[in-house]
Amino acid sequence: MPLSIWFTAGRCEMPVRLENALSLLFNRKFFLDGICFAIAKGTAFLAPILAIRIMSLADYGMLETSYAWGQQLTMLAVLGIPAAYPYFILKRRETEMQAYFWLYGLFLCLCVLFSALLHWFRYLPEQLFLVILLTAVFSMERILSGILKTHGLGRIGVLIDSGYYFILGTVLVILAFVHRYPFFSLLILLLLCFILFLGGWFLLMARKRCTRIRPSHIRPAVKKLLVYSVPLIFSGLIIYWLIASSRIYLSWLLGDEVVAIYAFCFRWFAIAILIYQFAYIMFFKKLYIVRPENLDRNFCILTAIVFGSTAFCLAGFFVISPFFEMVRYEHLLRILLLLGCLMPVWCATALNEGIIARENLVMRMNLALLPQLLLFPLLLFLLRKTITLDLFCLLHLMSCILVYFTQAFILAKRGIRFGRTAAIIAVICCSSWIFYFLF
């Protein structure tokens, strides 16, 4: 029965907006999408948090550094293919191109098998092999997720996106009963099994579609695909390195134990990022397909909500801290406050990136950010003998804020201005300096 009948009984008509909201809430698709999102993101949040309880700080730091390298190398290995798939299949209706996407996923699986042989004969160190496995997993996840979401299977795509975290969670469950099994050996084994599973999926789908390929069309088709997809690599690579390379820098500057402290705190505050991700998925059209003034209002509200939620993250951290006694640092409160400031800036840059792509300003953004990409590591190199974790957090935050205002300046020249959102980022910038010197 329609909700309008239920809620208009006795002539007490419900306001239209509230009725629409309830209709969305009780919508089966919305409910199932929410369940899949909660399972995927809940696992992605809890698994890395709980892993530190069974690992030394050095091992946890090595895991997080390997994860960071895997994410970064994925920007290269994935070749921009997840964005290219909807372009060729939905926009250009070139369904015969599907086979090449599935074949590339199969190629990644074969590369992993070759790396496994090198590792088996001790030509490949364990950490380097782990980085290769993570790069392959993240790449295959993104390609498969992009394909599934293009064909309306978004909830399965969300679960695939969190495949690594399901593997990590499985490792934790096994080690809860079998304490003597080496963590990294078990993780590598399960990652290999997962890659073989994905490889089988890619092989099955490729076989179904390879019958449409004509030998004479292979070379032109691959060239056409790469001409479109490869330029997408650089925009993602630059922005991701500036925003998400902190673990890699810290591993070089201060060692894996400090990476462990930073990564644990960062992942705890990532609760705030989940709010942004949920809003982005559920309300994409309302966030982007509106007038510029409404766009600024939507971005401002979402950024403010994320910033406000970090206060609850901070309070929650002190509630859970007795269960994670190994997470100790001299200026831990200062680090937590600075990470709390980082989260809304991270979200704001991601929101801007979508608008920049829509306005075809990616190349201009890349050129504008290139000096910063070179100067930030130079600054860290000059400060390498005196830098501390809290100082690094401040410098990294300032770097991310500079990325945001660079994006905002580029969009302002196109006539798209985010005055309210920029004001919130300015408040966050001032707050971070206050936190650094007062705490």
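Before reading further, recall that the structure is shown in the block above.
Residues numbered from 1 in each chain as written. Predicted model: local features only at pLDDT ≥ 70, side-chain atom pairs only at ≥ 80, totals over all residues. Heavy atoms only, no water.

1. Thoughts on the packing of helix H4 (residues 57-77) against helix H10 (residues 183-209)
The following threshold applies: Helix axes are fitted only over the stretch in contact, all axes being lines through C-alpha atoms; the angle between N-to-C directions runs from 0 to 180 degrees. Labels follow the DSSP assignment, with helices taken as runs of H or I lasting at least four residues and strands as runs of E lasting at least two, numbered in each case from the N terminus. Throughout this description, any angle smaller than 35 degrees is read as roughly parallel, any larger than 145 degrees as roughly antiparallel, any in the 65 to 115 degree range as roughly perpendicular, and the remainder as oblique. By definition in these notes, contact holds between two residues if any of their heavy atoms fall within 4.5 Å. Residues are grouped as follows: Ala, Val, Leu, Ile, Met, Phe, Trp, Tyr, Cys and Pro are nonpolar; Asp, Glu, Lys and Arg are charged; all remaining types, including Gly, are polar.
Across the interface, H4 lies against H10 with an axial gap of 12 Å and an inter-helix angle of 25 degrees. The orientation of H4 relative to H10 falls into the category roughly parallel. Contacts between H4 and H10 involve Asp59, Met62 and Leu63 on the former and, on the latter, Phe183, Phe184 and Leu187. In terms of residue class, the contact of H4 with H10 is built from 5 nonpolar, no polar and 1 charged.

2. Let's talk about the packing of aromatic side chains
Working definition: an aromatic ring pair is given by the centre-to-centre distance plus the angle between the planes. Filter applied, for reference: Each Phe, Tyr or Trp ring (for Trp, its six-membered ring) is paired with any other whose centre lies within 6.5 Å, and the angle between the two planes then decides the class: stacked below 30 degrees, edge-to-face above 60, tilted in between. The buried label applies to any residue whose accessible area, calculated with a 1.4 Å probe on protein chains only, is under 20% of its type's maximum; exposed applies above 50%, and partly exposed to all values in between.
Tallying each qualifying case throughout the model produces 25 aromatic pairs. Both rings, one in phenylalanine 264 and one in phenylalanine 324, keep their centres 4.9 Å apart while their planes meet at 50 degrees; by these two values the pair is tilted. Of this pair, phenylalanine 264 sits in helix H13 (residues 256-269) while phenylalanine 324 sits in the loop between helix H16 (292-320) and helix H17 (332-358); the two residues are 60 residues apart in sequence, bridging distant segments of the chain. Assigned by exposure class, phenylalanine 264 and phenylalanine 324 land together as buried.

3. Observations regarding the side chain of asparagine 298
Our working definition: Polar contact criterion, stated in full: a pair of N or O atoms within 3.5 Å, where within protein one must be able to donate a hydrogen and the other to accept it, and residues adjacent in sequence count only if both atoms are side-chain atoms.
Structurally, asparagine 298 is set in helix H16. Look at asparagine 298 and you get buried, because its relative accessible area is 15%. Of note is the side chain of asparagine 298, whose polar atom sits 3.4 Å from the side chain of arginine 297.

4. Some words on a nonpolar patch on the surface
Defined as follows: Exposure above 30% relative accessible area and the lack of any salt bridge qualify a residue for a patch; like charges then connect within 9 Å, and the nonpolar side chains Val, Leu, Ile, Met, Phe, Trp and Tyr within 5 Å. Shrake-Rupley sampling with a 1.4 Å probe provides the accessible areas, and residues are treated as covered by the protein chains on show and by no other component. We define a salt bridge as a side-chain nitrogen of Lys or Arg found within 4 Å of a carboxyl oxygen belonging to Asp or Glu.
A surface patch of nonpolar side chains, about 560 Å² in accessible area, is lined by Val173, Ile174, Phe177, Val178, Tyr181 and Leu189. The element contributing the most residues to the nonpolar patch is helix H9 (residues 163-177), with 3 residues. Relative to the assigned elements, phenylalanine 177 resides in helix H9.

5. Description of the pattern of salt bridges
Per the counting criterion, the structure on display carries 4 salt bridges. Here aspartate 161 makes a salt bridge to lysine 149, at a shortest N to O gap of 3.0 Å. On the criterion of sequence distance, the pair formed by aspartate 161 in helix H8 (residues 154-161) and lysine 149 in helix H7 (residues 126-150) is long-range, its members being 12 residues apart. Judged by relative accessible area, which is 42%, lysine 149 ranks as partly exposed. Each of Glu64, Arg247 and Arg267 takes part in one network of salt bridges that share partners.

6. Digging into the packing of H7 against H8
Axis separation between H7 and H8 bottoms out at 8 Å; the angle between their running directions is 170 degrees. With respect to H8, the axis of H7 lies roughly antiparallel. Here H7 contributes Glu141, Leu144, Ser145, Leu148 and Lys149 to the contact with H8, which in turn contributes Gly154, Ile156, Gly157, Val158, Ile160 and Asp161. Partitioned by chemical class, the residues of the contact of H7 with H8 number 5 nonpolar, 3 polar and 3 charged.

7. Overview of helix H19 (residues 389-413)
Here is the rule: Take the number of residues in a helix, subtract one, and multiply by 1.5 Å to get its expected span.
Taking 1.5 Å per residue, 25 residues should reach 36 Å; H19 reaches 36 Å between its end C-alpha atoms and fits that length. For H19, the tally of buried residues reaches 20 of 25 residues, placing the bulk of the element in the interior. Just past H19, the residue glycine 415 takes up positive phi, approximately 95 degrees.

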